[in-house]
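Chain and residue survey
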Amino acid sequence: MNPTTPAKRIALFGSTGSIGTQALDVITSNPDKFTVEVLTCGSNDELLIQQALKFNPNIVAITDERKYLRVKEALSQTDIKVFAGEKALEDVASMDVYDMMLAAIVGYAGLRPTLNAIDNGKPVALANKETLVVAGDLIMQKAVEKRVPVIPVDSEHSAIFQCLVGEMRNPIEKVILTASGGPFLGRKPNFLVNVKREHALQHPNWNMGAKVTVDSATLMNKGLEMIEARWLFNLHADQIEVLIHPQSIIHSMVQFQDGSIKAQMGLPDMKLPIQYALTFPQRIPNDFTRCDFKKIKTLTFEEPDIKTFRNLGLAMEALSRGGNLPCIMNAANEIAVYAFLKNRIGFLDMTDVIERTMQTVHYIDKPTLAEYFESDGEARSFAADLIKL
Ligand code: NAD
Ligand code: MG
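Residues numbered from 1 in each chain as written. Chains lettered and ligands numbered in written order. Predicted model: local features only at pLDDT ≥ 70, side-chain atom pairs only at ≥ 80, totals over all residues. Heavy atoms only, no water.

1. Considering the overall build of the protein chain
Counting secondary structure elements, the protein chain contains 17 helices and eleven strands. Based on the C-alpha atoms only, the size of the protein chain along its principal axes is roughly 55 × 50 × 40 Å. Buried positions account for 53% of the 389 residues belonging to the protein chain. Considering only intrachain contacts with a sequence separation of at least 6, the fraction spanning at least 24 residues in the protein chain is 68%. Working note: accessible area of the protein chain is about 17500 Å², and carbon and sulfur atoms make up 51% of it. With 41 positive and 46 negative side-chain charges, the protein chain shows a spacing of 3 Å between the two charge centroids. (Helix = DSSP H or I, 4+ residues; strand = E, 2+ residues; numbered from the N terminus. Buried < 20%, exposed > 50% of the residue type's maximum accessible area, 1.4 Å probe, protein only. Contact = heavy atoms within 4.5 Å. Areas by Shrake-Rupley, 256 points an atom, 1.4 Å probe, with all protein chains shown as cover. Lys, Arg positive; Asp, Glu negative; His and termini not counted. Charge placed at Lys NZ, Arg CZ, Asp CG, Glu CD.)

This is the structure in structure tokens:
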């Protein structure tokens, strides 16, 4: 970056999460390149307050309105504006106080702020994959209409994005999304039936928020990422392949029409894709641990076991049928993962909840935004009824 370039003003939505805190580490290491203008979170007032006192943003917003007074009081000696409530987060995304949004809220809750940022003409570094799963067509259409770049943060999509730099006119034959396989790679249903929250939260390679960690264990994460890739890179379902690669060194690959394959590699560390999304098209130096192939020695690959990890099969179905089916699937998955994390249902029950919800909520071929919202609500209440939440 040119030394005279002004610092980029970042709005960090989901600042208290795994991606959010790692993004703040990247920003801390590059104080001349970034300022933090907005911090938002769901309910972690303590961490939000600490972050606000350290980064002195223009605005903080917290979804949980019961925490408003606590945050307001803690920041009373500062000029920081404090807002609370779901609507407040959406409104902040529409304000002209930042240059780029890092969308790092987890789940469906990230959709409206992200949509508002795009509508507001602000580039988005997108970690929140659920946004594209729910309404990828409308999001990408809006991004094209507003000429707003949507830069992926998810490591696989960042890898594909990096492989595509300089290849603008060269069509993609297929993309190969790599997956670690999660903590239960090689396991069969007779093992999975007894899996508890504590086991599922132990990911071998990545340290992430609870929801995405469970999604990685069920392989739903890879299913969500197939749909995310479909919209980010304008692909057909049959151009997206999943390959299990337990070492998580190759973050994904692109195969071009001449058969040439490009891969992006590195140690599994989300700080790298976060930094790349924030500085694109530049690469800037950092002190992250480097990948030493002499130590890694072996990279292995295998086919995903869709018979055991049925969520991936359900996501493939949602991807090929399209319409509101990915939105329905996502809603049912969020309810199922939440219930699993509360020890209300078993590991394999999650798939049954998702499957039955997908079979029941009515299918719409070309939904409007309002219809996506309705489908989400309908799917959530159907799934919750199934679980008796
Ligand atoms: P996390 O659970 O650690 O953090 C989520 C953040 O969202 C927190 O700041 C939380 O306060 C906020 N939040 C939760 N519910 C909210 C609500 N209803 N309204 C407003 N804010 C709310 O999650 P994470 O692991 O940081 O993941 C964030 C997103 O990035 C997810 O969509 C995930 O799939 C994606 N992602 C994460 C990783 C990773 O390594 N953690 C990797 C790739 C993609
Ligand atoms: Mg990923």
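2. Here we look at the sheet that holds strand 4 (residues 81-84)
The strand order across the open sheet formed by seven strands is 4-3-2-1-5-6-7, and the pairing between neighbours is parallel. On the outer flanks of this sheet lie strand 4 and strand 7 (150-152), each paired with one strand and no other. Along the sheet, successive strands turn relative to each other by an average axial angle of 20 degrees, direction set aside. Bridge analysis of strand 2 (residues 34-41) against strand 3 (residues 59-62) gives four bridges, and the strand direction is parallel. When the bridges of strand 3 are listed, valine 38 appears paired with isoleucine 59. (Pairing = 2+ DSSP bridges. Axes fitted to C-alpha atoms, helices over the stretch in contact; angles between N-to-C directions.)

3. Observations concerning the pattern of salt bridges
A full pass over the atoms with the stated rule returns 27 salt bridges. Notably, a salt bridge pairs lysine 142 with aspartate 119, separated by 3.3 Å at the nearest N-O pair. Of the two residues, lysine 142 sits in helix 6 (residues 129-145) while aspartate 119 sits in helix 5 (residues 111-119), which places them 23 residues apart along the sequence. Overall, lysine 142 belongs to the partly exposed group, its relative accessible area being 22%. The shortest N-O distance in the salt bridge between glutamate 241 and lysine 174 comes to 2.5 Å. (Salt bridge = Lys/Arg side-chain N within 4 Å of Asp/Glu carboxyl O.)

4. With respect to the sheet that holds strand 11 (residues 261-265)
On the basis of which strands lie adjacent, the open sheet formed by four strands has the order 9-8-10-11 and mixed pairing. The open sheet is flanked by strand 9 (240-244) and strand 11, the only strands paired with a single partner. Strand-to-strand twist across the sheet, computed as the mean angle between neighbouring axes with direction ignored, equals 20 degrees. Sheet topology places strand 8 (residues 172-179) next to strand 9; five bridges connect them, and they run parallel. Counted as the bridge partner of leucine 177 is valine 242 from strand 9.

5. Regarding the coordination of the magnesium ion (ligand 2)
In this structure, Asp154 (OD), Glu156 (OE) and Glu225 (OE) serve as the protein donors to the magnesium ion (ligand 2), at separations of 2.1 to 2.2 Å. Every donor residue of the magnesium ion (ligand 2) comes from the same chain, spaced as D-x1-E-x68-E. The class for aspartate 154 is buried, based on a relative accessible area of 8%. (Donors = N, O, S within 2.8 Å, 3.2 Å for Na, K, Ca; no water.)

6. Considerations on the packing of helix 15 (residues 325-341) against helix 16 (residues 349-360)
The N-to-C vectors of helix 15 and helix 16 enclose an angle of 150 degrees; their axes lie 9 Å apart at closest approach. Taken together, the axes of helix 15 and helix 16 lie roughly antiparallel to each other. In this structure, helix 15 crosses over helix 16, and the sense of that crossing is right-handed. In contact with Leu325, Ile328, Met329, Ala332, Asn333, Ala336, Val337 and Phe340 of helix 15, helix 16 contributes Met350, Val353, Ile354, Thr357 and Met358. Taken together, the residues of the contact of helix 15 with helix 16 break down into eleven nonpolar, two polar and no charged. (Parallel < 35°, antiparallel > 145°, perpendicular 65-115°, else oblique. Left-handed = near helix turned anticlockwise from the far one by under 90°. Nonpolar A, V, L, I, M, F, W, Y, C, P; charged D, E, K, R; others polar.)

7. As for the domain arrangement of the protein chain
Examined at the domain level, the protein chain breaks down into domain 1 (8-152), domain 2 (157-268 + 290-320) and domain 3 (322-389). Contact with domain 1, which involves eleven residues of that partner, is made by twelve residues of domain 3. Between domain 1 and domain 3, a total of about 930 Å² is buried, with carbon and sulfur atoms accounting for 67% of that surface. Its largest share of buried area at the contact with domain 3, domain 1 owes to Tyr108, Val133 and Val134, together 52% of the area lost on that side. Between domain 1 and domain 3 we count zero salt bridges in total. Here domain 1 and domain 3 share two residue pairs in polar contact (both at pLDDT 80 or more) between them. Looking at the side of domain 1 that touches domain 3, the elements that each hand over two or more residues are helix 5 and helix 6. When residues of the side of domain 1 that touches domain 3 are assigned to their parent elements, the largest contribution, six residues, is made by helix 6. Residue composition of the side of domain 1 that touches domain 3, grouped by class: seven nonpolar, one polar and three charged. (Domains from an automatic or database assignment. Buried area = accessible area lost by both parts, 1.4 Å probe. Polar contact = N/O pair within 3.5 Å; in protein donor to acceptor, adjacent residues only side chain to side chain.)

8. Here's the deal with the layout of surface pockets
Within this model, the second largest pocket holds a volume of roughly 730 Å³. What lines the second largest pocket is a set of 24 residues, among which Met140, Phe161, Met168, Leu232 and Phe233 lie closest to the centre. For the lining of the second largest pocket, a count of residues per class yields 18 nonpolar, three polar and three charged. When residues of the lining of the second largest pocket are assigned to domains, at least three map to each of domain 1 (8-152) and domain 2 (157-268 + 290-320). (1 Å grid on protein atoms, 1.4 Å probe; cavity = no way out; pocket = protein on both sides within 12 Å on 5 of 7 lines; lining within 4 Å. Points joined across faces, edges and corners; volume = space filled by probe spheres on them.)

9. Quick word on unusual backbone geometry
The residue after phenylalanine 280, namely proline 281, is reached through a cis peptide bond having omega 5 degrees. In this fold, proline 281 is placed in the loop between helix 12 (271-279) and helix 13 (293-296). Of note in this structure, asparagine 56 is not a glycine but carries a positive phi near 45 degrees. With a phi angle near 70 degrees, leucine 219 is a residue other than glycine that sits in the positive phi range. Structurally, leucine 219 is set in the loop between helix 10 (210-218) and helix 11 (220-232).

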